Amino acid sequence: AATATAAAAWTLPQVVTGLLAVFAVGAVADVGRLYALSLAGERILRTLRVRTFEALLAQEAAFFDRAKSGELVSRLATDTQVVASTLTSSIPSATRRAAEAVGGAAVMAYLSPALLGVCVLVIPPITAGALLAGRRLQTLQRDALDRTSKLTDRAAERIALVRLVKTSSAENREVRAYDTLAGALLELQLRVARTSAAFFGAVGLGANTAIVLVLAAGADMVRTDTLTVGGLTSFLLYSVYLAGGLGGLGRAYTDIKRAAGASQRIFELIERKPKLVDGQFLLHRATWHGGFHFRDVYFRYAARKA
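So, a few notes on the structure that sits alongside this text. (Residues numbered from 1 in each chain as written. Predicted model: local features only at pLDDT ≥ 70, side-chain atom pairs only at ≥ 80, totals over all residues. Heavy atoms only, no water.)

With that out of the way, let us pick up the overall build of the protein. Helix and strand counts for the protein stand at 9 helices and 0 strands. The N-to-C order of helical and strand elements in the protein reads α-α-α-α-α-α-α-α-α. Sorting the 306 residues of the protein into buried and exposed places 27% on the buried side. By sequence separation, contacts in the protein at least 24 residues apart represent 85% of the contacts at least 6 residues apart. Of the accessible surface of the protein, which amounts to about 20200 Å², a share of 65% is contributed by carbon and sulfur atoms. (Helix = DSSP H or I, 4+ residues; strand = E, 2+ residues; numbered from the N terminus. Buried < 20%, exposed > 50% of the residue type's maximum accessible area, 1.4 Å probe, protein only. Contact = heavy atoms within 4.5 Å. Areas by Shrake-Rupley, 256 points an atom, 1.4 Å probe, with all protein chains shown as cover.)

Following this line, the structure appears as structure tokens:
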């Protein structure tokens, strides 16, 4: 009676006002979350680009004889953007999805531990598939970034020498060469797409299989009066949270593994120690007296054998 009286104390305008207030608070929270993530992303991107550029300029001259300018620019522009986007988008999304999955699993365990056990049966194969797909995507993404760098370097060199290209009437030849590189990159990107599609298809099959098994087991429990129809319905509704959370975690995991390939290229450059440091062979006047004699002095480019 007390519960009915308390419920009756809430009028329709009060309920509507309360819901609008909750939605307004949620909207403000969303604005703050999105602004904070955007701000963090831009700051991370700036820091990565500055550190990468600083490490780039600290390398010895021979390093630039081996490395292509297009590849280095790609690391500054593309790789840093991929890493920053993953840190501020994929990882927060994975956290939110993990909370949904844990919350849904907790309520499902309260409603029916037996049915939750049926759902858990599909988790090990999905986890194994995620690990295999993640390793494959990381390797493919790194290769795709390397080919993108080559494509960018090819275009940058030819544009810089466009007068020579036109003088030699080599426009068609250069277009065919660029098309060949673009085709190789396309093939690699298609392999990335096939791997991602196969993984998400397997995740969808696992989720649908779990739903069918839950329906079969739940129907049998309803028939034997060990579970009510309402309980089964509630369990299925909360299973949507679990399935959505696991699916979101799978997508975030593949995004993170893709970004791992880009981060490797960035930190290889940041952590590289130059073979020649400025001032390493600097002679101070206070440490010597007299003159200099040059003997057997010669010069060659460090990256060339002769």
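Here Leu236 is to be found in helix 9 (residues 229–270). For Leu236, a relative accessible area of 24% gives the class partly exposed. In this structure, Leu236 is in contact with Val214 and Leu215, ignoring residues within four places of it in sequence.

Below, the discussion takes up the nonpolar core. If you look at the biggest cluster of nonpolar residues, it comprises 12 residues: Ala101, Met108, Leu115, Leu116, Val118, Cys119, Val214, Met221, Leu227, Leu232, Phe235 and Leu242. Looking at this core, the elements that each hand over two or more residues are helix 4 (69–111), helix 5 (113–120), helix 8 (171–223) and helix 9. For this core, the leading source of residues is helix 5, giving 4 residues. If we ignore the near neighbours within four places in the chain, the residues touching Leu115 are Val214, Ala217, Gly218, Met221, Leu227, Leu232 and Phe235. (Core = buried A, V, L, I, M, F, W, Y, C linked by side-chain atoms within 4.5 Å.)

So, about a nonpolar patch on the surface. A cluster of nonpolar side chains, namely Trp10, Leu12, Val15, Val16, Leu19, Leu20, Val22 and Phe23, defines an oily patch on the protein surface of about 850 Å² accessible area. Tracing the chain through its elements places Phe23 in helix 2 (residues 12–57). The exposure class of Phe23 is exposed, given its relative accessible area of 56%. (Patch = residues over 30% accessible without salt bridge, like charges linked within 9 Å, V, L, I, M, F, W, Y side chains within 5 Å. Salt bridge = Lys/Arg side-chain N within 4 Å of Asp/Glu carboxyl O.)

For the rest of this paragraph, the subject is the packing of helix 4 against helix 9. Where helix 4 contacts helix 9, the axes come no closer than 6 Å and their chain directions differ by 155 degrees. By the criterion of interaxial angle, the relationship of helix 4 to helix 9 is roughly antiparallel. Where helix 4 crosses over helix 9, the two elements pack in a sense that is left-handed. Taken together, the residues that form the contact of helix 4 with helix 9 break down as 22 nonpolar, 11 polar and 8 charged. (Axes fitted to C-alpha atoms, helices over the stretch in contact; angles between N-to-C directions. Parallel < 35°, antiparallel > 145°, perpendicular 65-115°, else oblique. Left-handed = near helix turned anticlockwise from the far one by under 90°. Nonpolar A, V, L, I, M, F, W, Y, C, P; charged D, E, K, R; others polar.)

On to the side chain of Thr86. Locating Thr86 in the fold gives a position in helix 4. Given a relative accessible area of 9%, Thr86 falls into the buried group. When near neighbours in sequence (up to four residues on either side) are disregarded, Thr86 contacts Ile91, Pro92, Asp255, Ile256 and Ala259.

What follows covers unusual backbone geometry. Unusually for a residue other than glycine, Ser169 sits at a positive phi of about 55 degrees. Looking at where Ser169 falls in the secondary structure, it is placed in the loop between helix 7 (162–167) and helix 8. Residue Ser169 is classed as exposed on the basis of its relative accessible area of 61%. One non-glycine residue, Asp225, lies in positive phi territory at about 65 degrees. Tracing the backbone through its elements, the reader meets Asp225 in the loop between helix 8 and helix 9.

It is at 10 Å that the axes of helix 6 (residues 123–160) and helix 8 come closest, and there the two elements cross at 165 degrees. By the angle between their axes, helix 6 is roughly antiparallel relative to helix 8. For the crossing formed where helix 6 meets helix 8, the hand is left-handed. Of the residues that constitute the contact of helix 6 with helix 8, the class distribution is 18 nonpolar, 6 polar and 8 charged.

Right, let's get into the pattern of salt bridges. Pairs can form between side chains of opposite charge once their charged atoms are near each other. One pass over the full model with this rule turns up 9 salt bridges. Here Glu157 and Arg158 are joined by a salt bridge, their closest N and O atoms 3.3 Å apart. For Glu171, the salt bridge is made with Lys166, and the minimal N-O distance between the two is 4.0 Å. According to the relative accessible area criterion, Glu171 is partly exposed, its value standing at 33%.

This part takes up the side chain of Ser239. The residue Ser239 is located in helix 9 in this model. For Ser239, a relative accessible area of 13% gives the class buried. At a separation of 2.4 Å, a polar atom in the side chain of Ser239 contacts the main-chain carbonyl oxygen of Leu236. (Polar contact = N/O pair within 3.5 Å; in protein donor to acceptor, adjacent residues only side chain to side chain.)

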